[in-house]
Amino acid sequence: MDGILPSAWFNEGFASFFENSELDRRGAITVMESAYHADILTDLIKRGGYNWEEVLSSHLSIDYAQFYAEAKQNYAVSWGLAYYLVRGAPNERGKPYANIIPKYLDALSKTGKADLATAAAFADIDMKKFSDDFTSFWTTVKKRQDAKQRKGL
């Protein structure tokens, strides 16, 4: 995006997201779940002891040095966010998170600042509800199966 460096969560999350994609002979892209990242993320969630509202809020603001300092966990969370926003959240009633990615990209384009883009993207989001929905998605087999069945990205 014209030399603008996106937020670590966005950049690395979507890089990991697209690592698990296939292109068919007609040019259609299918993005699959990453077993590696999903196992790490679901283990973190199921292990407990984390306040996921705080984890996600903090994760959205980390810089690249912080990101790479705990790369294994941070890649899993960022990939999980990207996967959830693209494949899981669109299946939720009312699509409450449908505008996060477009708002992020619009704000990044307008401001050139990753932190302002993240703030704009999540400005109207109840982070407690978002974290509950995020962790529910990752711990509910049916929701993940539905996400895998979605057509397109």
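Bear in mind that the values here come from a model prediction, so they are computed numbers and not experimental data.

A few points about the pattern of salt bridges
Working step 1: Evaluation of the coordinates by the stated rule reveals 8 salt bridges.
Working step 2: The partner of Asp-24 in a salt bridge is Arg-26, with the nearest N and O atoms 3.2 Å apart.
Working step 3: Note on Asp-24: relative accessible area 30%, which makes it partly exposed.
Working step 4: Assessed through its relative accessible area of 71%, Arg-26 is described here as exposed.
Working step 5: Where Lys-142 meets Asp-146, a salt bridge forms, and the shortest distance between an N and an O atom there is 2.9 Å.

A word on a nonpolar patch on the surface
Working step 1: Residues Phe-18, Leu-23 and Ile-29 make up a contiguous nonpolar surface patch of roughly 290 Å² in combined accessible area.
Working step 2: Within the element layout of this structure, Phe-18 appears in helix 1 (residues 8–19).
Working step 3: The class for Phe-18 is partly exposed, based on a relative accessible area of 37%.

What to know about the packing of aromatic side chains
Working step 1: Inspection of every chain in the model, using the stated rule, returns 25 aromatic pairs.
Working step 2: With 5.4 Å between their ring centres and 90° between their planes, Trp-9 and Phe-10 make a pair best called edge-to-face. Of the two residues examined, Trp-9 and Phe-10, each falls in the buried class.

Some details on the environment of Arg-25
Working step 1: Relative to the helices and strands, Arg-25 is located in the loop between strand 1 (21–23) and strand 2 (29–31).
Working step 2: Judged by relative accessible area, Arg-25 falls into the exposed class, the value being 83%.
Working step 3: Each C-alpha atom of the pair Arg-25 and Val-141 lies 30 Å from the other, and the pair is 116 residues apart in sequence.

Let's talk about the packing of helix 6 (residues 100–111) against helix 7 (residues 114–122)
Working step 1: For the pair helix 6 and helix 7, interaxial distance at closest approach is 8 Å and the crossing angle is 145°. Helix-helix and strand crossings are classified by hand; for helix 6 and helix 7 the assignment is right-handed. The residues of helix 7 that touch helix 6, namely those facing Ile-100, Lys-103, Tyr-104, Ala-107, Leu-108 and Thr-111, are Ala-114, Leu-116, Ala-117, Thr-118, Ala-120, Ala-121 and Phe-122.
Working step 2: When its residues are assigned to classes, the contact of helix 6 with helix 7 shows 10 nonpolar, 2 polar and 1 charged.

Here is what the cut-offs are and how they apply
Residues numbered from 1 in each chain as written. Predicted model: local features only at pLDDT ≥ 70, side-chain atom pairs only at ≥ 80, totals over all residues. Heavy atoms only, no water. Salt bridge = Lys/Arg side-chain N within 4 Å of Asp/Glu carboxyl O. Buried < 20%, exposed > 50% of the residue type's maximum accessible area, 1.4 Å probe, protein only. Patch = residues over 30% accessible without salt bridge, like charges linked within 9 Å, V, L, I, M, F, W, Y side chains within 5 Å. Areas by Shrake-Rupley, 256 points an atom, 1.4 Å probe, with all protein chains shown as cover. Helix = DSSP H or I, 4+ residues; strand = E, 2+ residues; numbered from the N terminus. Phe/Tyr/Trp six-rings, centres within 6.5 Å; stacked < 30°, edge-to-face > 60°. Axes fitted to C-alpha atoms, helices over the stretch in contact; angles between N-to-C directions. Left-handed = near helix turned anticlockwise from the far one by under 90°. Contact = heavy atoms within 4.5 Å. Nonpolar A, V, L, I, M, F, W, Y, C, P; charged D, E, K, R; others polar.

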